[in-house]
Amino acid sequence: MKNLRLLGYLLALSLFIYSCDSNSNEAPLGEYEKGLLIINEGNFSSRDGDISHYNFNTGDVQQNIFEKVNNRPFAGLVQSLIENEDKFYIVSNTGKVEIVNKNTFQSLGSVEGDELNIPRSATIANSKIYISDWGPYDANFASPNSFIAIVNNTLGGEIAKKAKTSSRPESFHQINNDLLIACSAARTIDVMRIGVDTVGRSIEVTGTPVRFLENGGKLFLFARNSSAVFFHEINKTDYSITNTTEINIPNPTSKLTLGENGEAYVITSTGWPDYNDAVAKISITSGQVLNASLYEGNGFYGIGFDDFDKNIYVSENNGFQGSGTAIVINQSGTEVKTIATGVGPSGFLFKR
Amino acid sequence: MLILSFLFLTSFSNEVDKTLLIPQDTVELKLVEVYSAPLEKYSYGQTLQKVDARNLNDFHGQSLAELLQQRSGLFLRQYGPGMLASLTMRGTSAGHNAVFWNGIPINSPSLGQADFSILPVGGFDEATIHYGSSGALYGSDAIGGAIHLNNKNTFNKGHQTKILSTFGSFGRWNQQVEYGYSNQNFSSRSRVYRNFSKNNFKFNNLASAGSPEERQRNAEVEQFGTMQDLAWNLGSNQQFSTSIWWNQTDRQIQPVMGSNDSDVQKDYNFRAVVDYNKFTAAAIWNIKAGIVLDELNFNQSVNKTSQFLLSSDIDWTISEKLKSKTGARFNHVIGNLSSYEATEDRIELYQSINYLPVSNLAFSVNLRQMIFNGDFAPFTPSIGSEWTFFTNDKNKFSTHTSISKSFKIPTLNDRFWVPGGNPDLESEKSISAEIGLIHVFESNDFMISNQFNLYSMWVDNWIIWLPRGSFWSPENIREVRNQGLEYFVTIKKSLNQTQLEFNGSYNYTLATILNNLSENDRSQGNQLPYTPKHKAQGNLRFTYKSNSAFVNGHWIGERYINTDNISSVAPYGLLDLGFSKRLEFIPKIKASIGFQVNNITNNDYQVLRLRAMPGRNYLININLTL
């Protein structure tokens, strides 16, 4: 272990020397280029969402890296962290998208202002930013005016166009010059032709859509209801649902991560009155529940899978009273270690 | 000579503008101004601070929150100027202090707390702060202390009209008109007011790339109110009085930085109290009836609560050494909230005793039992004492101590909110002990008084709302130890027609979380969020003939955002400057004009994270008395 660490230092040093070569066109190694990025949603009242960085080699954790680098708070609730080329798009569901350098987290630009209401996700296509937004709530807290906001510059700025979508668009999938948009309240896949930038049609699906997954060369839409999760296989040409794998499992949440060999891990939560949470291991390929409670606990809020060592990362929100914890478990469900996170840790990005 | 507590001083000797209420040897009782014994009479061993009348004047039309934040050692969690402001006393939470208006509790029964931003200065004549756990004396909520707002009826003053106007930055215009008439047996006073602020101050938007300077939007506040006081002396030994207060606040809710929310809130508060007092040689018998109607409309959501109170007590002066108060209070509460309806009956029995065995020693004992909806709240006893152990012609040293239990019954929202309300919640409870030392030095034209209080308190069953699946639900889960120091100083120096006065306070507050909520919680041993360890405040006032000037400063230490104590809001200090002049045009018309600069150094600060606060701003006060 010690040797490994030494090797790590030597490697870092050599890269440092290499990157300091004045004639080289290589960019310096960014502080956050490697490691684990933890998305911390933050507390609604204090808007203290930010990203944490965990160094796999040293075990060091840095909290609030956006604030640390840019000398101002992120000041929002982080909904999603979207990677594109050398940038991250940090989508805040309190009404903005901050654009940072992927490796250094230096602010590069933003999309903000009255035009955004409840942004959920973003994607880059045709040198434009497409931002899914629930739109304003109506009196019954429904979202009848959801839209995709389109910005003509990948570094942010003004919103050039707003295209209406079905209720509550979440995440995107780009395919054949089209954007597929998972709409959770409408229970549809909306199809938007890139360039035309209006929703051409909507495909109805069973369950509440969460997001798109690619597994074994196939494209799936992950959806769920209170007693099952659904993997709708999407025809890559006409986007029809060619096959649906339904896996019966009580109280699944939208928090799911793909493992290996067509396996996935999903958080389940019994809710009132017991509030017992668990990680269930399922097989998308066979449609079976492999283990209904691989790991049990409370306040599970996000999940990730590390391809490198096959460990599963479960985040716990600590009742939003303070910062949360990432619990690392192995394939047999045994706790390996814990990592301190920020407030309301909701997801992971592995940069090995 | 009989040593009376500073409590007596508060209630019986008017026109005493002392910030610190210090025991004094004699007290003049003006017969026509005898009232029922005030709620806080039986509190030997604890500290009461009457808010200086000049401060009330300086802050006319602004909220009590602004006044307490700038002129006291207390910390208020302010969500912006004119926005929700809750009080934390001795490191407890927002609902852990009781607020009374003319002796009736006005904390919202659904929220369990008062919003100090909608208690306008001008809506009461006196404000008194009771520091420390006092549940045995006041009932539910008084874990960290209590605030008393009182109206004062005056007799034999004839006709009096007052016109009070304040103009200031960001569109501020506060206007109050008051008319009073009193003779020997009858007193009436009517007040109407409107307080307005556009609140479009500039701030640096930290949530925006580059933190540009922007104008605050959606933060306009408009408040209307009217108040009527009536009192009759029925013969020589009976008095009947009533106060009625209607207050309406229409607010745009200042969004957190980076938010485009355009929420609006309307608060309607109606409070009425009727008092009947009968005085005999040895006793005062009081019957009090009160109504408190609160309506809070947040956007389209309507939340109403009603409280109907009836109380009666007898305050006996058994001998010069022994006084006793025995009473009962009944409170019928109706809640019509956006998500539930609930009613509740609360019955309280209480007994208080003051015992003064020798002239320099006094004891208070209080006992209280509340029953709400058939459940017993924790039985709350308290005992306190005060001892003046050294006196000479210039110096006086006294010490005080008290031990008390307090409680807070779960709010209606805690128990009945749909979804998540937890009907099985127990009352929050506390045990508190304190000691204090007062030194007063007085010599001709110089006076200095210093007071230290040290306290230690343990609060258990602290209610926290936690996410439980798809909604949040409250639990009796936290345990907290609150320890701290309160220091008060008053210095007065007069020379011919010049007077110099300094009032200052410093609070050191440790509010330590004693338990973790779960295995991976790391809050044990940490400070509670938004509870500064340090707050210092000082006011220097200079008076020459009819001219007066002041400098006021307060400094608040860092406030953690969460129980993990990782992120915090930066400490800040503000400096305010003011000048005023009294004028007399013709013998019957008195006037005063004042000018104030607040936040003179134009500090960029936040009380709570990402809640913008204004930079340098100006106020002009013009008061006319006819």
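The rules behind the values
- Numbers given to residues run from 1 along each chain, matching the order in which its sequence is written.
- Working convention: letters from A go to chains and numbers from 1 go to ligands, in the order in which they are written.
- Confidence filtering applies because this is a predicted model: local features only for residues at pLDDT of at least 70, side-chain atom pairs given and counted only at 80 or more, and all residues used for totals across whole chains, interfaces and linings.
- To obtain the side-chain values, all non-hydrogen atoms of the structure were used and water was disregarded.
- UniProt positions are given in the numbering used here, feature names are shortened, and annotations may be inferred rather than shown by experiment.
- Numbering goes from the N terminus for both helices and strands, where a helix is a DSSP run of H or I of at least four residues and a strand is a run of E of at least two.
- Only C-alpha atoms enter the radius of gyration; for comparison, a globular chain is expected to reach 2.2 Å times N to the power 0.38, where N is the number of residues.
- Only protein chains enter the area calculation, which uses a 1.4 Å probe; residues under 20% of their type maximum are buried, those over 50% are exposed, and those in between are partly exposed.
- Only heavy atoms matter for contacts: two residues are in contact if any of them lie within 4.5 Å across the pair.
- Using the Shrake-Rupley algorithm and a 1.4 Å probe, accessible areas are obtained, with residue cover drawn only from the displayed protein chains.
- Two residue types count as positive, namely Lys and Arg, and two as negative, namely Asp and Glu; His and chain ends fall outside the count.
- Every charge is mapped to an atom, namely NZ of Lys, CZ of Arg, CG of Asp or CD of Glu.
- By definition, two strands form a pair when at least two bridges between them are found by DSSP.
- Joining two parts hides part of their accessible area as seen by a 1.4 Å probe, and the buried area is that hidden amount summed over both.
- By convention in these notes, a salt bridge is any Lys or Arg side-chain nitrogen within 4 Å of a carboxyl oxygen on Asp or Glu.
- Only the six-membered ring of Trp is used, alongside the rings of Phe and Tyr, when aromatic pairs are assigned; centres must lie within 6.5 Å, and planes under 30 degrees apart are stacked while those over 60 apart are edge-to-face, with the rest tilted.
- Here, a charge over a ring is recorded when the distance from Lys NZ or Arg CZ to the ring centre is within 6 Å and its angle to the ring normal is within 35 degrees.
- For our purposes a nonpolar core is just a set of buried Ala, Val, Leu, Ile, Met, Phe, Trp, Tyr and Cys residues, chained together by side-chain atoms within 4.5 Å.

Under an unreviewed UniProt entry, the name given to chain B is TonB-dependent receptor, and the source organism is Belliella aquatica. Recorded under Sequence similarities (unreviewed entry), the UniProt text for chain B is reproduced unchanged: "Belongs to the TonB-dependent receptor family." Its UniProt record gives chain B a comment under Subcellular location (unreviewed entry), which states: "Cell outer membrane".

Per an unreviewed UniProt entry, chain A goes by Surface layer protein and derives from Belliella aquatica.

Undergrad: What should I look at first to understand the overall build of chain B in this one?
TA: Within chain B, the regular secondary structure consists of five helices and 34 strands. Taken against the 2.2 N^0.38 rule, which gives 25 Å for 626 residues, the C-alpha radius of gyration of chain B at 24 Å falls within 12% of a compact globule. The principal-axis extent of the C-alpha atoms belonging to chain B is close to 65 × 55 × 45 Å. Residues classed as buried in chain B amount to 59% of the 626 residues present. For chain B, long-range pairs separated by at least 24 residues make up 62% of all intrachain contacts whose partners lie at least 6 apart in sequence. Summed over all atoms, the accessible surface of chain B reaches about 24,100 Å², with 59% contributed by carbon and sulfur. Positive and negative side-chain charges in chain B, numbering 55 and 55 respectively, have mean positions lying 6 Å apart.

Undergrad: Would you explain the sheet that holds strand β1 (residues 47–50) of chain B in this entry?
TA: To summarise the sheet geometry, strands pair through backbone hydrogen bonds and adopt either a parallel or an antiparallel arrangement. Residue and element names in this part refer to chain B. Spatially, the five strands line up as an open sheet ordered β1-β6-β7-β4-β5, and their pairing is mixed. Each edge of the open sheet is held by one strand with a lone partner, namely β1 and β5 (104–105). In this structure, strand β4 (residues 97–101) lies alongside β5, joined through two bridges in antiparallel fashion. Within β5, the position partnered with Phe-100 by the bridge is Pro-105.

Undergrad: Please clarify how the interface of chain A and chain B should be interpreted in this entry.
TA: Often, the extent of an interface is quoted as the loss of accessible area upon association of its parts. Every contact between the two is made by 39 residues of chain A and, on the other side, 39 residues of chain B. The junction of chain A with chain B conceals about 2,800 Å² of combined surface from both sides, 46% of it contributed by carbon and sulfur atoms. On the chain A side of the contact with chain B, Arg-47, Tyr-275 and Gln-321 of chain A bury the most area, a combined 21% of that side's loss. Counting every contact that joins chain A to chain B gives zero salt bridges.

Undergrad: How should I be thinking about the packing of aromatic side chains in this particular structure?
TA: Here a ring pair, both rings aromatic, is described through the centre-centre distance and the interplanar angle of the planes. Going through the model one piece at a time under the given rule, you end up with 32 aromatic pairs over all chains. Here Tyr-295 of chain A and Phe-300 of chain A contribute two aromatic rings whose centre-to-centre distance is 6.0 Å and whose plane-to-plane angle is 15°, an arrangement assigned as stacked. For Tyr-295 of chain A, a relative accessible area of 15% gives the class buried. Through a chain of ring-to-ring contacts, the aromatic side chains of Trp-387, Phe-389, Phe-390 and Phe-397 of chain B assemble into a single cluster. One Lys or Arg, Lys-162 of chain A, reaches over the ring of Phe-147 of chain A and ends 4.3 Å from the middle of that ring. The ring of Tyr-301 of chain A is capped by Lys-255 of chain A, whose NZ or CZ atom sits 5.2 Å from the centre of that ring.

Undergrad: Sorry if this is basic, but what is going on with the nonpolar core here?
TA: Inside soluble globular proteins, nonpolar side chains tend to come together where they are buried. By size, the foremost hydrophobic cluster in this structure holds 33 residues, and its most contacted members are Leu-68, Phe-116 and Ile-147 of chain B. Elements represented by at least two residues in this core include exactly α3 (64–71), β3 (85–88), β4, β6 (126–131) and β7 (145–150) of chain B. Sorting elements by how many residues they give to this core places α3 of chain B first, with four residues. With residues up to four places along the chain from it excluded, the contact list for Leu-68 of chain B reads Val-51, Leu-74, Leu-76, Phe-116, Ile-129, Ile-147 and Lys-535 of chain B. By size, the runner-up hydrophobic cluster in this structure holds 15 residues, among which are Tyr-89, Val-91, Ile-129 and Ala-149 of chain A.

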